[in-house]
Amino acid sequence: MPQTLEKIETTPEERFLTAFRAADGTTLNGSNSRLHTLRKEAIERFEALGFPKRKAEAYKYTNIQKVLKRNYALELAPRDPHVTADDIAPFLVPDLDAHVLVLVNGRFNEALSSIGELPDGAIVTGFAEAARQHPDLVEAHVGQYADHENDVFIALNTAFTQDGAFVYVPKSTVLEKPVHIVSVVAAEEDLMLQPRYLFIAEENAQATIIQTGRAITDTHTFTNAVVESYAGRNAHLDHYEIQDEGPKSAIHLSSQGYQHEHSVVRTNAFTFSGELVRNNLRMLPDGAHCESHLYGLVLGRDGMHVDNHTVVDHAAPDCYSSELYKHLVDDDATAVFNGRVLVRQDSQRINAYQSNDSLLLSEDADIYSKPELEIYADDVECSHGATTGTLDKEAIFYLQSRGLSYAEARALLLVAFARDVLDNVKVEALEALLDTYVTARFGPQA
Amino acid sequence: MALLEVKNLHASVEDTNILKGVDLTIDGGQVHAIMGPNGSGKSTLASVLAGREEYEVSEGSVHYLGEDLLELEPDERALEGIFLAFQYPVELPGVSMMNFLKQAINSKREHQGQEEIKAADFMKLMRERAELVSLDPKLMRRSVNEGFSGGEKKRNEIFQLAMLEPKLAILDETDSGLDIDALRVVADGVNKLRAEDRGFLIITHYQRLLDYIVPDVVHVMVDGKIVKTGGKDLAIELEEKGYDWIRGEAVPA
Ligand SMILES: Nc1ncnc2c1ncn2[C@@H]1O[C@H](COP(=O)(O)OP(=O)(O)O)[C@@H](O)[C@H]1O
Ligand SMILES: [Mg+2]
């Protein structure tokens, strides 16, 4: 019998606290003592912090309470939902040779995964498995970058997480093939998942990680995920997140990246479906000469609500960051973008660029966009730009006058709008897939 | 049958009458020029012929190869063989020239019941037609018109014309902004594209272009009407005497 959040007349916080107490000592022991200690700290912080209230500035446009209210099963004990290789097949990237790790309802499923051969010392496995097999590595990093002290969703995840994925690339090692983490939701009832991801690229290491989230069932789900990533000195880490779990999925993703000097990190967030998606992305370039690139593409339709809050915290001098988020918002969908760039006092010679462009495709579509530059150093070059527009009629006419139908012209322009984000997808097979997806999404109706 | 037959065409935009009774007949193989002062309605006529949606036709008719042109969507007109070289070509960031041309060519081929063009044939055609207007083939790898110079944009229009091989080509002030060398290149390109079954409607403010593309018929448009029609000498006369001369003739004081 799965543990389910009680339907009681109480605060949403109390329901989680009750569930925690009930499971403490059994399923929430964790696979490792450090994790267990963290859980205890985290649940206390969770209780003290509480969920964001309606008027909380950071959640002003995103009513997260709405999706917290449901009576989700918590999935604290392993179950065996019937998922086959055939179910997974459509979620793989065609022509992509990758280390494939499959998570079913947030749990590592070894039978469905095909991780293949890895360079010496590299590890790609489930998070719980990593905590058992490589406790030193996990303990050195887990909870170091994601702040469970001050962030209620990270605290909640830390208290409840059961599994997730772990990637470790040792010093001067290159993962030639990307790691593809395929997350599949297969639920018979409303379900809450709290997967944990830890990605470590040590000094001079290089890795590409692709995460795709899909569902094969149709219940309400709420995924409160935490990604911690660490890029050592001169490491290169590329991360792709493709969120497409269907119209009944809600996602709260806290993705926190730490960078040592001379490291280069690229993050790419694609949101294609979801009732409510909130991404908190925070990069901390903490050594000189880092590069951080943040890209995002949101395709909103039907009532979707997608909120990207990003922070680049320039804690060290001589770094470069660039950010480009694009929103294509249709129907009565809503997109929110808040891009904060913080340049601390001693972080001189920072170049930080941010741009955020939105196309509203319907009168009921909304975008709330807010750049926040907070600059305490004096020798910096920062810029931001935000544009919001509608489809250019003259451009449509130009294309029609060359023989393209209205629908073809529209599709071409919408894909073109997304083009500079797609162009930054460095994995060719993934770019082709995303390109096809975006084209099909806007393509002429047959 | 005439290629294009415009009769008593009245058109307005945002409730302002701009065309006030235009009559014009173009036969296949002919080059017609329309000259006239700024604001006289030349681009409006081009827009109405190409099907720009904000223009409202309140009176008159347009027949193209005997069919009612005004019934057709802009893309249907293009597929039937009408081509407009824009006065202000549109920049399309993110739409590659290559992709754009391929879609345009294949739309036309599909309409004509032909299969998609083969990659090699397409490349060959593209190179050949780009050369016609000395368009740098490197531009094919860029986004449509993005970062093109003024001259490159105009040559790109004629290049597209050459790719799509229309039956009726309308050139709206393709000469404006071109220096004399670029003008010669464009005019040469157009001259090479003159054909028995192709008509041209060349809109220009200046006579100079018509030194190079010698028209069969010259019309003068003033205040939404064609007020004078003649041979190629009319253009020269107009250049000498200025538009006031025509205005004086058309609207006696
Ligand atoms: N889209 C439009 N909206 C409002 N007025 C327009 C529009 N297009 C043209 N006009 C007006 O119509 C008149 C004719 O313009 P146009 O056809 O561009 O002349 P030409 O090409 O001969 O210079 C001008 O007075 C112009 O201001
Ligand atoms: Mg004009």
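Refer to the structure above for everything that follows.
Fair warning: this is a prediction, and the values are worked out from it, not measured in the lab.

Calculation notes
- Residues numbered from 1 in each chain as written.
- Chains lettered and ligands numbered in written order.
- Predicted model: local features only at pLDDT ≥ 70, side-chain atom pairs only at ≥ 80, totals over all residues.
- Heavy atoms only, no water.
- Helix = DSSP H or I, 4+ residues; strand = E, 2+ residues; numbered from the N terminus.
- Rg over C-alpha atoms; globule rule 2.2 N^0.38 Å.
- Buried < 20%, exposed > 50% of the residue type's maximum accessible area, 1.4 Å probe, protein only.
- Contact = heavy atoms within 4.5 Å.
- Areas by Shrake-Rupley, 256 points an atom, 1.4 Å probe, with all protein chains shown as cover.
- Lys, Arg positive; Asp, Glu negative; His and termini not counted.
- Charge placed at Lys NZ, Arg CZ, Asp CG, Glu CD.
- Donors = N, O, S within 2.8 Å, 3.2 Å for Na, K, Ca; no water.
- Salt bridge = Lys/Arg side-chain N within 4 Å of Asp/Glu carboxyl O.
- Disulfide = S-S within 2.5 Å.
- Near = heavy atom within 4 Å.
- Polar contact = N/O pair within 3.5 Å; in protein donor to acceptor, adjacent residues only side chain to side chain.
- Nonpolar A, V, L, I, M, F, W, Y, C, P; charged D, E, K, R; others polar.
- Buried area = accessible area lost by both parts, 1.4 Å probe.
- Pairing = 2+ DSSP bridges.
- Patch = residues over 30% accessible without salt bridge, like charges linked within 9 Å, V, L, I, M, F, W, Y side chains within 5 Å.
- Phe/Tyr/Trp six-rings, centres within 6.5 Å; stacked < 30°, edge-to-face > 60°.
- Lys NZ or Arg CZ within 6 Å of the ring centre and 35° of its normal.

Caption draft 1: Structural detail: the overall build of chain A. Helix and strand counts for chain A come out as ten helices and 20 strands. Whereas a compact globule of 446 residues would reach a radius of gyration of roughly 22 Å, chain A reaches 21 Å, a difference of no more than 12%. A burial count over chain A gives 61% of its 446 residues as buried. Partitioning the contacts of chain A with sequence separation of at least 6, the portion at a separation of at least 24 is 85%. Looking at chain A as shown, the accessible area adds up to about 17,400 Å², and 46% of this sits on carbon and sulfur atoms. Positive and negative charge centroids in chain A, built from 38 and 67 side chains respectively, lie 5 Å apart.

Caption draft 2: Here's a closer look at the coordination of the magnesium ion (ligand 2). Looking at the magnesium ion (ligand 2), one finds its protein donor set to be Ser 43 of chain B (OG) and Gln 87 of chain B (OE1), positioned 2.1 to 2.5 Å from the metal centre. Here Gln 87 of chain B lies in the loop between strand 6 (82-85) and strand 7 (92-96) and Ser 43 of chain B lies in helix 1 (residues 42-50), a separation of 44 residues in the sequence.

Caption draft 3: Here's a closer look at the pattern of salt bridges. Residue and element names in this part refer to chain A. Per the stated rule, a full pass over the model turns up 34 salt bridges over all chains. Glu 275 is the partner of Arg 70 in a salt bridge, and the nearest nitrogen-oxygen pair spans 2.9 Å. Of the two residues, Arg 70 sits in the loop between helix 3 (64-68) and helix 4 (85-88) while Glu 275 sits in the loop between strand 12 (264-271) and strand 13 (276-285), which places them 205 residues apart along the sequence. Here Arg 70 falls in the buried class, since its relative accessible area comes to 18%. What makes Glu 275 buried here is its relative accessible area of 14%. Arg 196 serves as the salt-bridge partner of Glu 228, at 2.8 Å between the closest nitrogen and oxygen. Remark: Arg 196 occurs in strand 7 (residues 196-201) and Glu 228 occurs in strand 9 (residues 221-231); sequence separation between them is 32 residues. Taking relative accessible area as the criterion, Arg 196 reaches 1% and is therefore assigned buried.

Caption draft 4: Layout of the state of the cysteines. Residue and element names in this part refer to chain A. Going through the model one piece at a time under the given rule, you end up with zero disulfides over all chains. Its sulfur unpaired, Cys 290 is 4.3 Å from the next cysteine sulfur, which belongs to Cys 319. Considering cysteine sulfurs only, Cys 319 is the nearest to Cys 382, which forms no disulfide, with 12 Å between them.

Caption draft 5: Looking closely at the site of ligand 1. Residues and elements named next belong to chain B. Residues in close proximity to ligand 1 include Val 13, Glu 14, Ile 18, Pro 37, Asn 38, Gly 39, Ser 40, Gly 41, Lys 42, Ser 43, Thr 44 and Tyr 55, which together make up its full environment. In the model, a nitrogen atom of ligand 1 is placed 3.0 Å from a nitrogen or oxygen of the Tyr 55 side chain. Here ligand 1, which alone exposes 560 Å², has 62% of that area covered by the protein. Looking at which element gives the most residues to the shell around ligand 1, the answer is helix 1, with three residues. Residues belonging to the shell around ligand 1 are distributed by class as follows: four nonpolar, six polar and two charged.

Caption draft 6: A look at the side chain of Gln 259 of chain A. Residues and elements named next belong to chain A. Tracing the sequence through the fold places Gln 259 in strand 11 (residues 249-259). With relative accessibility at 0%, the residue Gln 259 sits in the buried group. Polar contacts involving the side chain of Gln 259 include one to the side chain of Ser 263, which spans 3.1 Å. Discounting residues that sit within four places of it in the chain, Gln 259 has contacts with Ala 231, Val 264, Val 265, Met 283, Leu 284, Pro 285, Asp 286, Gly 287, Cys 290, Glu 291 and Ser 292.

Caption draft 7: Geometry of the interface of chain A and chain B. Chain A puts 19 residues into the contact, and the matching count from chain B is 28 residues. Between chain A and chain B, the buried area comes to about 1,900 Å², and carbon and sulfur atoms account for 63% of it. Linking chain A with chain B are three salt bridges, by the criterion used here. The partner of Glu 53 of chain B in a salt bridge is Lys 393 of chain A, and the shortest N-O contact between them spans 3.9 Å. Taken together, the connections running from chain A to chain B amount to eight residue pairs in polar contact (both at pLDDT 80 or more). A total of seven residues in the side of chain A that touches chain B trace back to one element, the largest contributor, which is helix 8 (residues 393-400) of chain A.

Caption draft 8: Representation of the side chain of Glu 228 of chain A within the structure. Residues and elements named next belong to chain A. Judged by relative accessible area, Glu 228 falls into the buried class, the value being 0%. There is a polar contact of 2.9 Å between the side chain of Glu 228 and the backbone nitrogen of Tyr 145. Reaching out from Glu 228, the side chain makes a polar contact with the side chain of Arg 196 at a distance of 2.8 Å. Discounting chain neighbours no more than four positions away, the residues touching Glu 228 are His 141, Val 142, Gly 143, Gln 144, Tyr 145, Ala 146, Arg 196, Tyr 197, Leu 198, Phe 199 and Gln 256.

Caption draft 9: Spatial organisation of the pairing of strand 4 (residues 55-64) of chain B. Residues and elements named next belong to chain B. Bridge count between strand 1 (residues 4-13) and strand 4: eight bridges; the pairing is antiparallel. Bridge assignment links Glu 5 to a residue of strand 4, and that residue is His 63. Alignment of strand 4 against strand 5 (residues 67-68), held across two bridges, turns out to be antiparallel. Residue pairing in the sheet places Tyr 64 in a bridge with Glu 67 of strand 5. The turn linking strand 4 back onto strand 5 is made up of two residues, and Leu 65 within it adopts a positive phi angle of 50 degrees.

Caption draft 10: Seen up close, a negative patch on the surface. Together, Asp 302, Asp 331, Asp 332, Glu 363, Asp 364 and Asp 366 of chain A make up a region of like negative charge exposed at the surface. With respect to the helices and strands, Asp 332 of chain A occurs in the loop between strand 16 (320-329) and strand 17 (334-343).

Caption draft 11: Main features of the packing of aromatic side chains. Residues and elements named next belong to chain A. The final tally for this structure, using the stated rule, is 20 aromatic pairs over all chains. Here the aromatic rings of Tyr 197 and Phe 199 are separated by 6.2 Å at their centres, their planes lie at 40 degrees, and the arrangement is tilted. Each member of the pair, Tyr 197 as well as Phe 199, is classed as buried. Three or more aromatic residues link up through ring pairs in this structure, and these residues are Phe 16, Phe 20, Phe 46, Phe 51, Tyr 59, Phe 153 and Phe 160. Directly above the ring of Tyr 59 sits Arg 278, whose terminal nitrogen or CZ lies 3.9 Å from the centroid. Taking NZ or CZ as reference, Lys 326 lies 4.4 Å from the ring centre of Phe 417, over its face.

Caption draft 12: Representation of the sheet that holds strand 8 (residues 206-215) of chain A within the structure. Residues and elements named next belong to chain A. A sheet is described by the order of its strands in space; here ten strands give the open sequence 2-1-5-8-10-12-14-16-18-20, paired in mixed fashion. Each having just a single partner strand, strand 2 (107-108) and strand 20 (380-389) make up the two edges of the open sheet. Relative to strand 8, strand 5 (residues 179-185) runs parallel, the two sharing seven bridges. The partner of Val 182 across the bridge, within strand 8, is Thr 212.

This is a description of form; function is not addressed.
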